[in-house]
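Residues per chain, in single letters:
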Amino acid sequence: MAVAGWWGYSHGGVSGLLQALWITGVLGVMEVSLSFDNAVVNASVLRHWNAFWQKLFLTVGILVAVFGMRLLFPLVIVSVATGLGLVDVWTMATTTPKIYAEHLTNNHAQVAAFGGAFLLLVLLNFLFDDEKELHWLGWAEEKVNALGTESLAVLITMGAVAACVAMGPAEQKYSVLASGIVGIAVYIGVNWISGLLEENEPDLQDEDGEETAVPAKSGNGDLIKSVARGSIGGFLYLEVLDASFSFDGVIGAFAITNDVVIIMLGLAIGAMFVRSMTVFLVHKGTLDEFVYLEHGAHYAIGILALIMFASVKYHIPEWFTGLSGVTFILVSLWSSLRHRKQQAALA
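Residues numbered from 1 in each chain as written. Predicted model: local features only at pLDDT ≥ 70, side-chain atom pairs only at ≥ 80, totals over all residues. Heavy atoms only, no water.

1. With respect to the overall build of the protein
Our working rule: The way it works is that DSSP assigns letters per residue, a run of H or I at least four long becomes a helix, a run of E at least two long becomes a strand, and they are numbered from the N terminus. The buried label goes to any residue with under 20% of its type's maximum accessible area, the exposed label to any with over 50%, and the partly exposed label to all in between, with areas taken from a 1.4 Å probe on protein chains only. Contacts between residues were defined by any pair of non-hydrogen atoms, one from each residue, lying within 4.5 Å.
Of the regular secondary structure elements, the protein holds 13 helices and two strands. The buried share of the protein, taken over its 347 residues, is 46%. Restricting the contact set of the protein to residue pairs at least 6 apart, pairs at least 24 apart contribute 79%.

Here it is in C-alpha cells:
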C-alpha cells in the first residue's frame, strides 16, 4: 500500500495518491475473493510438507506469484502475441496502457482455455481419487468416484476444450485448441514429475522382518535429492495452479485500472493474503477439523474452470466468479460443522 501511494503521488500528487490507495485496496479484496478456494486447495497439499518447504512457499513462492504470474506472465503473453521484446512491451504497458490492455484481452480466449483445462483436471482427479473415502454429496459423489479414472478425467477435459474451441472466434480456434492441449499437458507433466521425484525409497527389512525406511545418507548431493524428492513436484503444481487462478484476476483488473504497477501491487496483496491463509489453515489443522472444506474448494475450482471456458464467448462478471467460489466454501464449512456435531453425538 505504501508503494502504491508513492506511485500514485509521483504521477498525480495527493489526488493520485488517494486514488492509487483506493484502487489497490479494491484489487486486493477482489483477488482474495477470487482465490480463497485456492488457499484451501494449497493447504491440502502444503499440510504434508515440512517447515522448510512451507517457508519456501511463502518466500520464493510469493516472489514467483507476485512478479512472475501477475507481472511478467502477462508481459510474456503480449510479447508473444505482438512479436515485441519484453522491454518494448513494458514500455507499452507504462506509456500506452490502453493498447497494452487491448493486446492482453485479445488473448483472453487462449488463457481461458489453458486455465480452464488445468483447473477442470484438478477437480476431476480429486473426484476420481481412489484414496478418497469421504464424499460430500453422498451416493452421487461416491458413484462418480467409483467410475472415474485419470483417463476419463483427460477425456472429459478434452471434450470441454473442444466445446471451448467451438465457442471461440473463428480466427483463434487453432490457438485456443493449442492452449487447451497445453493446459492438459502441463497438468499431466507436473503430476508425472511429482510422482517421479516424490517416489518413496524401497523399504528394507530388519532382523525381525519389520519394514524400515532406507537410512538417509550424509552426502550433500543425496541431501539435495532427498529435498527435491520430498516436495518439488508439489511446489510446481501449486505454482501452476496459482497461475491459472491469477490471470483471470489480471484480466478483470483492467476493468478497474490500466496502470500495470497498481494492478500488480493490488493483486500482490491478495496473493500474499491467500498464501498466509494457506499456512494458517495448515498450522491450525483446519482441513482435519472441517472435513468438507477441501471438497467445497475443489467444487469452486470446477465452477471457475467452467466460467473460464464460458468466458471465451460470454462476459462473466468478476463479482459472480468470486461469489460462486465463496458460496461453495461457506456451504462446505456449514456441512463440516454439521458433520462434526453428528460425530460428537454418535460418540
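2. Some words on the side chain of serine 335
Considering the arrangement of structural elements, one finds serine 335 in helix α13 (residues 318-346). Given the relative accessible area of 11%, serine 335 is considered buried. Beyond its immediate sequence surroundings of up to four residues, serine 335 is in contact with Trp136 and Tyr292.

3. Things to note about helix α5 (residues 108-127)
Convention followed: Working rule for helices: expected span equals 1.5 Å times residues minus one.
Between the first and last C-alpha of α5 there are 28 Å, a value that for 20 residues agrees with the 28 Å anticipated at 1.5 Å per step. In terms of burial, α5 is a largely internal element, 19 of the 20 residues being buried.

4. What about the pattern of salt bridges?
For the record, the criterion: One side-chain nitrogen of Lys or Arg within 4 Å of one carboxyl oxygen of Asp or Glu is enough to make a salt bridge.
Within this structure, the stated rule accounts for one salt bridge. For glutamate 289, the salt bridge identified is with arginine 340, shortest N-O distance 2.4 Å. Note that glutamate 289 is positioned in helix α11 (residues 286-289) and arginine 340 in helix α13, a separation of 51 residues in sequence. You can call glutamate 289 partly exposed: its relative accessible area is 37%.

5. Some details on the nonpolar core
Grouped burial of nonpolar side chains is what soluble globular proteins tend to show. Just so we agree on the cut-off: Buried Ala, Val, Leu, Ile, Met, Phe, Trp, Tyr and Cys residues form a nonpolar core when they are joined through side-chain atoms within 4.5 Å.
Judged by nonpolar contacts, the single largest core of 56 residues is most densely connected at Trp49, Phe118, Leu119 and Tyr237. Only α1 (2-46), α2 (51-82), α5, α7 (150-167), α8 (173-197), α9 (220-253), α10 (260-284) and α12 (293-310) provide two or more residues apiece to this core. Considering each element in turn, this core owes the most residues, 13 residues, to α5. By size, the runner-up hydrophobic cluster in this structure holds 29 residues, among which are Leu27, Leu75, Val111 and Ala253.

6. Remarks on a nonpolar patch on the surface
This is how it is decided: The residues that make up patches have over 30% relative accessible area and no salt bridge, and they are joined within 9 Å when like-charged or within 5 Å when they are Val, Leu, Ile, Met, Phe, Trp or Tyr. All accessibility values rest on the Shrake-Rupley procedure with a 1.4 Å probe; residue burial counts only the protein chains present in the view.
Where nonpolar side chains cluster on the molecular surface, the patch consists of Leu72, Val76, Val80 and Leu86 and spans about 340 Å² of accessible area. At three residues, the largest contribution of residues to the nonpolar patch is made by α2. Mapped onto the fold, leucine 72 is located in helix α2.

7. Brief notes about α10
If you check α10, its first and last C-alpha atoms are 36 Å apart, about what 25 residues at 1.5 Å a residue would give, namely 36 Å. Glycine 285 occupies a position one or two residues after α10 and carries a positive phi of about 65°.

8. Considerations on the packing of α5 against α12
Spelled out, the test is: An axis is simply a line fitted to the C-alpha atoms; with a helix, the fit covers only the stretch in contact. Between two such axes, the angle follows the N-to-C directions and lies from 0 to 180 degrees. Roughly parallel means an angle under 35 degrees; roughly antiparallel, over 145; roughly perpendicular, 65 to 115; everything else is oblique. The sense of a crossing depends on the near helix, which, turned anticlockwise from the far helix by less than a right angle, makes the crossing left-handed and, turned clockwise, makes it right-handed. Gly is put with the polar residues, along with every residue not named as nonpolar or charged; the nonpolar set is Ala, Val, Leu, Ile, Met, Phe, Trp, Tyr, Cys and Pro, and the charged set is Asp, Glu, Lys and Arg.
Between α5 and α12, whose axes approach to 8 Å, the crossing angle comes to 150°. Considering the angle they form, α5 stands roughly antiparallel to α12. Crossing handedness for the pair α5 and α12: left-handed. Between α5, through Val111, Ala112, Ala113, Gly115, Gly116, Ala117, Leu119, Leu120, Val122, Leu123, Phe126 and Leu127, and α12, the contact on the second element is made entirely by Glu294, His295, His298, Tyr299, Ile301, Gly302, Leu304, Ala305, Met308 and Phe309. Here the residues of the contact of α5 with α12 are counted per class, giving 16 nonpolar, five polar and one charged.

9. Quick notes on the packing of aromatic side chains
Convention followed: Here a pair means two rings of Phe, Tyr or Trp (six-membered ring of Trp) with centres within 6.5 Å. Their orientation is stacked below 30 degrees between planes, edge-to-face above 60, and tilted elsewhere.
The final tally for this structure, using the stated rule, is four aromatic pairs. Ring centres of tryptophan 6 and tryptophan 7 lie 6.3 Å apart, and the angle between their planes is 55°; this geometry places the pair in the tilted category. Ring plane angle 55° and centroid distance 5.7 Å describe the contact between tryptophan 136 and tyrosine 299, whose orientation is recorded as tilted. Pair noted here: tryptophan 136 is in the loop between α5 and α6 (139-147) and tyrosine 299 is in helix α12, with a separation of 163 residues, a long-range link.

10. Points about the confidence of the model for the protein
Note the following rule: The pLDDT value expresses, per residue, how confident the predictor is, ranging between 0 and 100.
Looking at the protein, the pLDDT average stands at 78 and 86% of residues meet or exceed 70. Predicted confidence in the protein is weakest over strand β1 (residues 204-205), with a mean pLDDT of 40, and strongest over α7, with 91.

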